[in-house]
Amino acid sequence: MPAPTSITDVENVPLPRHVAIIMDGNGRWARARGLPRIAGHRRGAEAAKEAIRFCASRNIPYLTIYAFSSENWKRPDTEVSELMQLLSFYLGEQVKDLHREGVCLRIIGDRSRLGATIAQKIEEAEALTRGNTRLHLNVALSYGGRQEIGGAVRQLAERVRNGEIAPEQITEATIHDALYTADIPDPDLLIRTGGEQRISNFLLWQMAYTELYFTDTLWPDFTSAHFTYALQEYQQRERRYGSIREHAAGEAAA
Ligand code: IPE
Ligand code: IPE
Ligand code: MG
């Protein structure tokens, strides 16, 4: 899909409150240029910065980006360690900028696999930015939707075993509250770059009614103009939540 040449104003039509992004295509971007895959990940990190700024400037209050999946641990050791170094660098260097821009950072995923140094940086970054409200940025790291749901099930089973709740008290709401995203609204829009049309274990529970937008653009090439284009397409969608047209408005939470 070509990048839009002009950006029309998207302010007057409802924007998504929460955008989730599967940032895919870094490796192919690098290969097309004869560069090592890590060069694609570096450019991908720059594209992520642009997307974060875009959301902040458009008053989109929640952005969740998929940076490393629980399945990405299967990649060669060199790529995994280069990705972890890049991540560690951004957690150290970029967090002050995010803080200045009013971004509240949260990392979702299995921290136990990330190592003590990164875990420490995550805690510091979250503590520094906790009070910010302009943009809630969630970065999914060592994240898998099935693992997340499995963790929630274990947590609820333990509460039953401890006599805190009865099995009948397990509802969609208690499951929601046991996920990493307990206090975050479900994504309205998922953007996946890089041409694949799949979810790859991202936010499985949360995306029950998310609008899906797939583009062939590789993540390092994804700019604010592409983001605007995705929002414009989102604004054409009619969200029905299983209802019929006349009754659909406002029933998201029903
Ligand atoms: C996405 O780009 C970034 C991560 C999964 C860490 P890829 O590395 O998957 O790039 P492609 O899909 O090989 O082009
Ligand atoms: C999904 O991309 C994960 C991230 C973008 C972090 P992958 O490249 O890992 O997805 P698959 O393997 O093609 O499904
Ligand atoms: Mg990929």
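No experiment lies behind these values; they were computed from the predicted model shown.

Peer 1: Can you help me understand the packing of helix α2 (residues 37-57) against helix α3 (residues 77-93) in this one?
Peer 2: The angle between the axes and the distance between the axes are what describe a pair of packed helices. The geometry of α2 relative to α3 is characterised by a closest axis approach of 10 Å and an angle of 30 degrees between their N-to-C directions. By the angle class used here, α2 and α3 are roughly parallel. Considering how the two elements wind past one another, α2 and α3 form a crossing that is right-handed. For the pair α2 and α3, the contacting residues are Arg 37, Ile 38, His 41, Arg 42, Ala 45, Glu 46 and Lys 49 in the first and Glu 79, Glu 82, Leu 83, Leu 86 and Tyr 90 in the second. Classifying every residue of the contact of α2 with α3 gives 5 nonpolar, 1 polar and 6 charged.

Peer 1: What's the story with the nonpolar core in this structure? I'm lost.
Peer 2: One recurring pattern in soluble globular proteins: nonpolar side chains tend to sit buried together. Ile 21, Leu 63, Leu 137, Ile 191 and Phe 227 are the most contacted members of the largest nonpolar core, which totals 42 residues. Tallying contributions element by element places α2 first for this core, with 7 residues. When residues no more than four places from it in sequence are discounted, the contact partners of Ile 191 are Val 19, Ala 20, Ile 21, Ile 22, Tyr 213, Phe 222, Phe 227 and Ala 230. In terms of nonpolar packing, the next biggest core, distinct from the first, is built from 10 residues, Ala 20, Ile 22, Ala 140 and Leu 203 among them.

Peer 1: Explain the packing of aromatic side chains to me, please; I cannot follow it from the model alone.
Peer 2: Here a ring pair, both rings aromatic, is described through the centre-centre distance and the interplanar angle of the planes. Within this structure, the stated rule accounts for 10 aromatic pairs. An angle of 10 degrees between the planes, with centres 4.1 Å apart, marks the rings of Tyr 66 and Phe 202 as stacked. Of this pair, Tyr 66 sits in strand β2 (residues 62-69) while Phe 202 sits in the loop between β5 (189-192) and β6 (211-214), placing them 136 residues apart in sequence. The class of Tyr 66 is buried, set by a relative accessible area of 6%.

Peer 1: In this structure, what is going on with the site of ligand 1? I would like to understand it.
Peer 2: The environment of ligand 1 is formed by Met 23, Asp 24, Gly 25, Asn 26, Gly 27, Arg 28, Arg 37, His 41, Ala 67, Asn 72, Arg 75 and Leu 83. Residue Asn 26 places a main-chain N or O atom 3.2 Å away from an oxygen atom belonging to ligand 1. Within the contact set of ligand 1, an oxygen atom lies 2.9 Å away from a backbone nitrogen or oxygen of Gly 27. For ligand 1, the accessible surface in isolation is 380 Å², of which the surrounding protein chains cover 87%. With respect to the detected pockets, ligand 1 is housed in the largest pocket. Counting only elements with at least two residues in the shell around ligand 1, the list comes to α1 (26-31) and α2. Per-element tally for the shell around ligand 1: the top contributor is α1, with 3 residues.

Peer 1: Mind showing me how you'd approach the site of ligand 2 here?
Peer 2: Every residue lining ligand 2 is accounted for by Ile 22, Met 23, Asp 24, Tyr 66, Ala 67, Phe 68, Ser 69, Asn 72, Arg 75, Arg 192, Arg 198 and Ser 200. The contact in question runs from an oxygen atom of ligand 2 to an N or O atom on the side chain of Arg 192, over 3.3 Å. For ligand 2, an oxygen atom lies 2.7 Å from a polar atom in the side chain of Arg 198. The protein chains hide 78% of the 390 Å² of surface that ligand 2 would expose on its own. Ranked by residue count, the leading element in the shell around ligand 2 is β2, at 4 residues.

Thresholds, definitions, all that
- Residues numbered from 1 in each chain as written.
- Chains lettered and ligands numbered in written order.
- Predicted model: local features only at pLDDT ≥ 70, side-chain atom pairs only at ≥ 80, totals over all residues.
- Heavy atoms only, no water.
- Axes fitted to C-alpha atoms, helices over the stretch in contact; angles between N-to-C directions.
- Helix = DSSP H or I, 4+ residues; strand = E, 2+ residues; numbered from the N terminus.
- Parallel < 35°, antiparallel > 145°, perpendicular 65-115°, else oblique.
- Left-handed = near helix turned anticlockwise from the far one by under 90°.
- Contact = heavy atoms within 4.5 Å.
- Nonpolar A, V, L, I, M, F, W, Y, C, P; charged D, E, K, R; others polar.
- Core = buried A, V, L, I, M, F, W, Y, C linked by side-chain atoms within 4.5 Å.
- Buried < 20%, exposed > 50% of the residue type's maximum accessible area, 1.4 Å probe, protein only.
- Phe/Tyr/Trp six-rings, centres within 6.5 Å; stacked < 30°, edge-to-face > 60°.
- Near = heavy atom within 4 Å.
- Polar contact = N/O pair within 3.5 Å; in protein donor to acceptor, adjacent residues only side chain to side chain.
- Areas by Shrake-Rupley, 256 points an atom, 1.4 Å probe, with all protein chains shown as cover.
- 1 Å grid on protein atoms, 1.4 Å probe; cavity = no way out; pocket = protein on both sides within 12 Å on 5 of 7 lines; lining within 4 Å.
- Sits in = over half its atoms within 2 Å of the grid points.

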